[in-house]
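Overview (structure and organization)
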Amino acid sequence: MKVVRSPKQIQEIVRKIKKQGRSIGFVPTMGALHPGHLSLIRGARKDNQAVFVSIFVNPIQFGPREDLSKYPRPIKKDIALCNKEGVDFIFYPSFKSMYPDGFDTYVNVPGLTEGLCGKFRPGHFKGVTTVVNKLFNLIQPDIAYFGQKDYQQALAVKKMAEDLSMPLAVKVAPTIREKDGLAMSSRNKYLNPSERKDAVLLYRGLKLARNLINKGNHNCVSVINSVRKFLKQGRTISVQYISIVDLKNIEPALILKGKVLIALAVYAGKTRLIDNIIVKI
Ligand code: AMP
């Protein structure tokens, strides 16, 4: 396994691999790798002849009051984990090499990024699609892997790839959870014991919504209110949003029919957590 810091060098490596006719699987991450990331890497390993992982805490997707400076960066541990998973190349660029002075081109997918998290994190998805676009250009994957945990992100990336005719497939893998159901996230490290305890309510709240729907409650407002009430048990929890949306365009679902996404974002103390499930009606 090789750790590559320079964009130029990664391009040279990609050129060689393409020449050899090897397929490239790519997993973009911000590091602080956990089993959620590892499941994407395993998928990439299974499907492809060469596996690239990027580790880059992308400043342009963080808002001014968000956690950019305290985001965990355990690079040595991440390198060891990638090595163990049989990754071929880690791309670990510096900020300057990705955004040199004068950088001024952005990619935006407005429609899909206005609702859900987009409403509360202005500029976030524009930062994501811009960096993913750059990474796709550098690494030229055949298949790129994303997690359902960040459903809106995966959808925006898929749409970008489609709209801009990118010659690659985007695969979305299921959310990996702790034993008690909490979706794994690099940000779970921020939680103190009482916040960690309350954090289990997110997935339980989503399952409550699913149960209510399965039992025949097809009234979105009523289902959402029940989840809101349920989350109130957690003293450290404050809800940012709970939404039931169409899977394809993430518009609020008016009629519960077919498949819907139930998504939520909450603060546990000062830590923002998200989760979602897909429910078939
Ligand atoms: P991040 O490092 O948080 O930017 O995440 C990198 C990729 O890993 C994204 O595609 C995430 O959706 C995915 N990911 C993060 N957490 C999980 C999880 N618990 N299960 C599956 N995929 C995940």
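Residues numbered from 1 in each chain as written. Predicted model: local features only at pLDDT ≥ 70, side-chain atom pairs only at ≥ 80, totals over all residues. Heavy atoms only, no water.

**A short note on the overall build of the protein chain**
What counts is decided by this rule: Counting from the N terminus, the helices are DSSP H or I runs at least four residues long and the strands are E runs at least two residues long. Throughout, the radius of gyration refers to the C-alpha atoms, and the reference size of a globule is 2.2 Å times the residue count to the power 0.38. For every residue, the accessible area (1.4 Å probe, protein chains only) is compared with the maximum for its type, and the residue is labelled buried under 20%, exposed over 50%, or partly exposed between those bounds. By definition, residues are in contact when any of their heavy atoms lie within 4.5 Å. Exposure was quantified through the Shrake-Rupley algorithm and a 1.4 Å probe, taking into account, for residues, occlusion by the shown protein chains and nothing else. When charges are counted, neither His nor the chain ends are considered; positive counts come from Lys and Arg and negative counts from Asp and Glu. For this purpose, a charge sits on NZ of Lys, CZ of Arg, CG of Asp or CD of Glu.
In terms of regular secondary structure, the protein chain is built from nine helices and nine strands. Relative to the globule expectation of 19 Å for 281 residues, the C-alpha radius of gyration of the protein chain, 19 Å, shows essentially globular dimensions. Once the C-alpha set of the protein chain is aligned to its principal axes, its extents read approximately 55 × 40 × 40 Å. Looking at the protein chain as a whole, 53% of its 281 residues are labelled buried. Taking the intrachain contacts of the protein chain between residues at least 6 apart in sequence as the baseline, contacts between residues at least 24 apart amount to 72%. A total of about 14100 Å² of accessible surface is found on the protein chain, and carbon and sulfur atoms cover 52% of it. Here the protein chain contributes 46 positive and 21 negative side-chain charges, whose respective centroids are spaced 4 Å apart.

**Describing the nonpolar core**
What counts, and what does not: As used in this record, nonpolar core signifies buried Ala, Val, Leu, Ile, Met, Phe, Trp, Tyr and Cys residues forming a set joined through side-chain atoms within 4.5 Å. The domain boundaries here were taken from an automatic or database domain assignment.
Ranked by size, the top nonpolar core spans 46 residues in total, and within it Phe52, Met98, Val132, Phe136, Ile139 and Phe146 carry the most contacts. Two domains each donate at least three residues to this core, and these are domain 1 (2-173) and domain 2 (186-275). Residues contacting Phe136, with those up to four places away along its chain left out, are Phe26, Pro141, Ala144, Phe146, Val157, Met160, Met166 and Leu168. In terms of nonpolar packing, the next biggest core, distinct from the first, is built from 27 residues, Leu256, Leu264, Ala268 and Leu273 among them.

**Comments concerning the domain arrangement of the protein chain**
Cut-off, in case you're wondering: Buried area: the accessible area, evaluated with a 1.4 Å probe, that two parts lose upon being put together, summed over both parts. Salt bridge, as used here, is a side-chain nitrogen of Lys or Arg placed within 4 Å of a carboxyl oxygen of Asp or Glu. Any pair of nitrogen or oxygen atoms within 3.5 Å is treated as a polar contact; in protein, a donor-acceptor pairing is required on top of that, and neighbouring residues in sequence qualify only through side-chain atoms on both sides.
When the domains of the protein chain are assigned, the result is domain 1 (2-173) and domain 2 (186-275). Relative placement of domain 1 and domain 2: their C-alpha centres are 27 Å apart. Across the boundary between the two partners, domain 1 contributes 19 residues, which contact 16 residues of domain 2. Roughly 1700 Å² of surface becomes buried between domain 1 and domain 2 when both sides are summed, with 61% attributable to carbon and sulfur atoms. Contact with domain 2 buries surface across domain 1, with Leu116, Phe120 and Tyr151 losing the most and accounting together for 33% of the total. In this structure, the salt-bridge partner of Asp67 is Arg187, at a minimum N-O distance of 2.8 Å. At the junction of domain 1 and domain 2, the tally comes to six residue pairs in polar contact (both at pLDDT 80 or more).

**Notes on the site of the ligand**
We count it as follows: We call a residue near a molecule or strand when any one of its heavy atoms sits within 4 Å of it. Each residue receives one of three labels: charged for Asp, Glu, Lys and Arg, nonpolar for Ala, Val, Leu, Ile, Met, Phe, Trp, Tyr, Cys and Pro, and polar for the others, Gly being one of them.
Looking at the ligand, there are 16 residues lining it, with Met30, His37, Asp150, Ile176 and Met184 nearest. One nitrogen or oxygen atom from the main chain of Met184 is found 2.9 Å from a nitrogen atom belonging to the ligand. Calculation on the ligand without its partners gives an accessible area of 490 Å², and the protein chains cover 93% of this total. Looking at the shell around the ligand, the elements with two or more residues in it are strand 2 (24-29), helix 2 (35-47) and strand 5 (143-147). With three residues, helix 2 is the single largest residue contributor to the shell around the ligand. When its residues are assigned to classes, the shell around the ligand shows seven nonpolar, seven polar and two charged.

**Comments concerning the pairing of strand 8 (residues 259-268)**
Going by this rule: The pairing criterion for strands is at least two bridges between them, as found by DSSP.
Of all ten residues that make up strand 8, eight are buried, and the element is covered over most of its length. Strand direction decides the pairing type here: strand 7 (residues 237-246) and strand 8, joined by nine bridges, are antiparallel. Bridged to Asp246 within strand 8 is Val260. For strand 8 and strand 9 (residues 271-280), the ladder comprises ten bridges, and the chain directions are antiparallel.

**Digging into unusual backbone geometry**
We note that Leu116 has phi near 45 degrees; this positive angle belongs to a residue other than glycine. Positive phi values are uncommon outside glycine, yet Ser165 reaches one of about 55 degrees. Mapped onto the elements, Ser165 comes out in the loop between helix 7 (151-163) and strand 6 (169-173). In this structure Ser165 comes out as exposed when scored by relative accessible area, which is 62%.

**Quick look at the pattern of salt bridges**
For the coordinates displayed, the defined rule picks out ten salt bridges. Across the pair Arg45 and Asp88 runs a salt bridge whose closest N-O atoms are separated by 2.9 Å. One end of the pair, Arg45, is in helix 2; the other, Asp88, is in the loop between helix 3 (75-84) and strand 4 (89-91), and 43 residues separate them in sequence. With a shortest N-O distance of 2.8 Å, Asp275 and Arg177 are connected by a salt bridge. With Asp275 in strand 9 and Arg177 in the loop between strand 6 and helix 8 (193-214), this pair connects stretches of sequence that are 98 residues apart.

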